Amino acid sequence: MSTNQFDKKSEAWSALFSEPMSDLVKRYTASVFFDKRLWLADITGSLAHAEMLSAQKIIGAQDLADIQRGMAQIRSEIEAGSFEWKLDLEDVHLNIEARLTQLVGDAGKRLHTGRSRNDQVATDVRLWLRGEIDLITNLLVELQTALVDVAEKNVEVILPGFTHLQVAQPVSFAHHLLAYVEMFARDAERLADVRRRTNRLPLGSAALAGTTYPLDRERVAVSLGMVDDQGVAQVCQNSLDGVSDRDFAIEFTAAASLCMVHISRFSEELILWMSQNFGFVKIADRFTTGSSIMPQKKNPDVPELARGKTGRVVGHLMGLITLMKGQPLAYNKDNQEDKEPLFDTVDTLKDTLRIFAEMVGGQLNPATGAKEGGITVNAVAMEEAAKKGYATATDLADYLVKKGLPFRDAHETVAHAVKAATSHACDLSELPLTVLQGFNASIEKDVYECLSLRGSLNARNTLGGTAPAQVLTQIARHRARLA
Ligand code: ARG
């Protein structure tokens, strides 16, 4: 039977095959139920290809018009949910092409001229990922903005800064939050870099060796927005490489993993801070759950899940990088396995960033125009905790250095003072002046300024330090950057 369409993928390649695939093999090899999410990229890429084929007189103007009409209909069918995805047609590419041919006849069959599914899928994944990178970048801006908002309200709030989870030195809570802003800013930089290498056109590589048709690959690249900052077309320069490497997807997943690791560190801190033993912050009830047995519980499920999902994303990175290892040039079907980890990485990261932006910064109340329900800070609990671990001991050492003591001697002197304070169960700032002078005669009344938490904070007034003046400068810098 000669038809203008094919219903099964075997009809997409010929009479060479003498037996049909078993249902199990069909299911094993098919990707349509996950790669159908590439449909818009697939149509966009096909339209750019067809437009170039027509401009190069490889297909006729009428063919192009038919393809455009057919694709417009397919688009509305998919959007309406009425498009029938067929497992028999294996993947998104064959499903769309078959429907096109059914709708417009021979023009549909001409679309695949000078193209292979190998360069087609590589193009689709890149186009799709480029769009997702842009969405993730916006979400990173939202999360950073939420953190800066909370930071701005807490510049003077003192938190015990930890090293080894032991009280180390007092820091501004804003300063602590801005550390995460730095991390997320770098995540965004990394994504921008990955985007540059993702935004290159494989189409025209055909199956692996290029094609005999006089394609204009640069034209396709420009029409798909695959251009650099100067508007110069970005085209994969080696056909074997263009169809086969997925390093852009691996890089993306690596960048996503790092971003999740940053989220995970923040989650861990939120979980600690929310525990009764710290009591530093609260998050809104809608991000927590109760216990089925212990009525008093409010568990930080969202941060815990985010910490858990970090493992999942890092796992996808391992999956993708291992997928690439050992593949000979050029395209191999192994590469079909790139999609689920990539898709799940994108979904997980986007959901996580969205939830965290809201959990930290709150939700916009349209009535007041203000954000509500973000993180609640218990400044008193933080300050009380900062008073507990001799957080200003370094300040006393620095004080003695300014009086002329070598730092190592000052360090030793302060260790004795801390020991004394510990035995009196009091803070260094609570030791009488005469006792302090017993450790070093040069100590005067002004020592109490440097032994106070606020004095300690204000004293760290160098670039990148925790003094409120520095923190305000950083907030202004981030505001300008994020605007
Ligand atoms: N579904 C395939 C993939 O995701 C499309 C490319 C198939 N190419 C081939 N020669 N079988 O990689």
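Our subject is the structure listed above.
Remember, it's a predicted structure, so these values are computed and weren't measured experimentally.

Asks: Teacher, can you tell me more about the environment of T123 here?
Replies: By the secondary structure assignment, T123 is in helix α8 (residues 117–153). It is 6.1 Å that separates the C-alpha atoms of T123 and L203, two residues lying 80 residues apart in sequence. Excluding its chain neighbours within four sequence positions, the residues that come into contact with T123 are L201, P202, L203 and L224. Within polar-contact distance, the side chain of T123 engages the backbone nitrogen of L203 at 3.2 Å.

Asks: Would you explain the environment of P366 in this entry?
Replies: Relative to the helices and strands, P366 resides in the loop between β4 (363–365) and β5 (370–372). Remark: the alpha-carbon pair of P366 and R408, spanning 42 residues in sequence, is separated by 58 Å.

Asks: Explanation requested: the site of the ligand in the structure shown.
Replies: Near the ligand the following residues occur: S31, D35, D91, H93, R117, N118, V121, Y331, Q336 and K339. Take D91: an N or O atom from its side chain is 3.0 Å from a nitrogen atom of the ligand. Taking 340 Å² as the accessible area of the ligand by itself, protein coverage stands at 86%. With three residues, α8 is the single largest residue contributor to the shell around the ligand. Residues that form the shell around the ligand fall into these classes: two nonpolar, four polar and four charged.

Asks: Is there a simple way to explain the packing of aromatic side chains in this structure?
Replies: How two aromatic rings sit relative to each other is given by the distance of their centres and the angle of their planes. Under the definition given, this model contains seven aromatic pairs. Ring plane angle 55° and centroid distance 4.5 Å describe the contact between F83 and W85, whose orientation is recorded as tilted. The pair F83 / W85 is uniform in exposure class, with both members buried. Ring centres of W128 and F343 lie 4.8 Å apart, and the angle between their planes is 65°; this geometry places the pair in the edge-to-face category. Of this pair, W128 sits in helix α8 while F343 sits in helix α14 (residues 339–361); the two residues are 215 residues apart in sequence, bridging distant segments of the chain.

Asks: Just checking my understanding: could you explain the packing of α8 against helix α21 (residues 468–482) for this structure?
Replies: A pair of packed helices can be characterised by two numbers: the angle between their axes and the separation between those axes. Put simply, α8 and α21 touch, their axes get as near as 10 Å, and they point 150° apart. Judged by the angle between their axes, α8 and α21 are roughly antiparallel. Handedness of the α8/α21 crossing: left-handed. When α8 is examined against α21, the residues V141, Q144, T145, V148, D149, A151 and E152 are found in contact with a partner set consisting of I475, H478, R479, R481 and L482. By residue class, the composition of the contact of α8 with α21 is five nonpolar, three polar and four charged.

Asks: Mind showing me how you'd approach the nonpolar core here?
Replies: Inside soluble globular proteins, nonpolar side chains tend to come together where they are buried. The biggest cluster of nonpolar side chains holds 103 residues, and the ones touching the most others in it are I96 and F252. Here the element with the most residues in this core is α8; it accounts for 15 residues. Look past the residues within four positions of F252 in its chain and what remains in contact with it is L129, I133, I136, L191, V194, L342, T345 and V346. Counting 19 residues, the second largest nonpolar core, distinct from the first, contains A393, A397, Y399 and C426.

Asks: Help me understand the pattern of salt bridges, please; the structure alone is not making it clear to me.
Replies: Tallied over the full model, the rule gives 33 salt bridges. Close ionic contact of D63 with R110 constitutes a salt bridge, the shortest N to O distance being 3.1 Å. Taken together, the positions of D63 in helix α5 (residues 61–80) and R110 in helix α7 (residues 106–110) put the pair 47 residues apart, joining distant regions of the chain. Residue classification places R110 among the partly exposed residues on the basis of a relative accessible area of 37%. Note that D193 is salt-bridged to R196, the shortest N-O span being 2.8 Å. Pair noted here: D193 and R196 are both in helix α9 (residues 173–198), with a separation of three residues, about one helical turn. The exposure class of D193 is partly exposed, given its relative accessible area of 30%.

Asks: Please clarify how the pairing of strand β2 (residues 166–172) should be interpreted in this entry.
Replies: Successive side chains on a regular strand alternate, one facing one side of the sheet and the next facing the other. Bridge count between strand β1 (residues 158–163) and β2: six bridges; the pairing is antiparallel. Each residue of the ladder has a partner; that of F162, found in β2, is V167. Between β1 and β2, which follow one another and run antiparallel, lie two residues, and H164 among them has a positive phi close to 55°.

Asks: Mind showing me how you'd approach the side chain of K350 here?
Replies: Topologically, K350 is positioned in helix α14. The class for K350 is buried, based on a relative accessible area of 13%. Excluding anything up to four places from it in sequence, K350 contacts E132, L135, I136 and L139.

The rules behind each value
Residues numbered from 1 in each chain as written. Predicted model: local features only at pLDDT ≥ 70, side-chain atom pairs only at ≥ 80, totals over all residues. Heavy atoms only, no water. Helix = DSSP H or I, 4+ residues; strand = E, 2+ residues; numbered from the N terminus. Contact = heavy atoms within 4.5 Å. Polar contact = N/O pair within 3.5 Å; in protein donor to acceptor, adjacent residues only side chain to side chain. Near = heavy atom within 4 Å. Areas by Shrake-Rupley, 256 points an atom, 1.4 Å probe, with all protein chains shown as cover. Nonpolar A, V, L, I, M, F, W, Y, C, P; charged D, E, K, R; others polar. Phe/Tyr/Trp six-rings, centres within 6.5 Å; stacked < 30°, edge-to-face > 60°. Buried < 20%, exposed > 50% of the residue type's maximum accessible area, 1.4 Å probe, protein only. Axes fitted to C-alpha atoms, helices over the stretch in contact; angles between N-to-C directions. Parallel < 35°, antiparallel > 145°, perpendicular 65-115°, else oblique. Left-handed = near helix turned anticlockwise from the far one by under 90°. Core = buried A, V, L, I, M, F, W, Y, C linked by side-chain atoms within 4.5 Å. Salt bridge = Lys/Arg side-chain N within 4 Å of Asp/Glu carboxyl O. Pairing = 2+ DSSP bridges.

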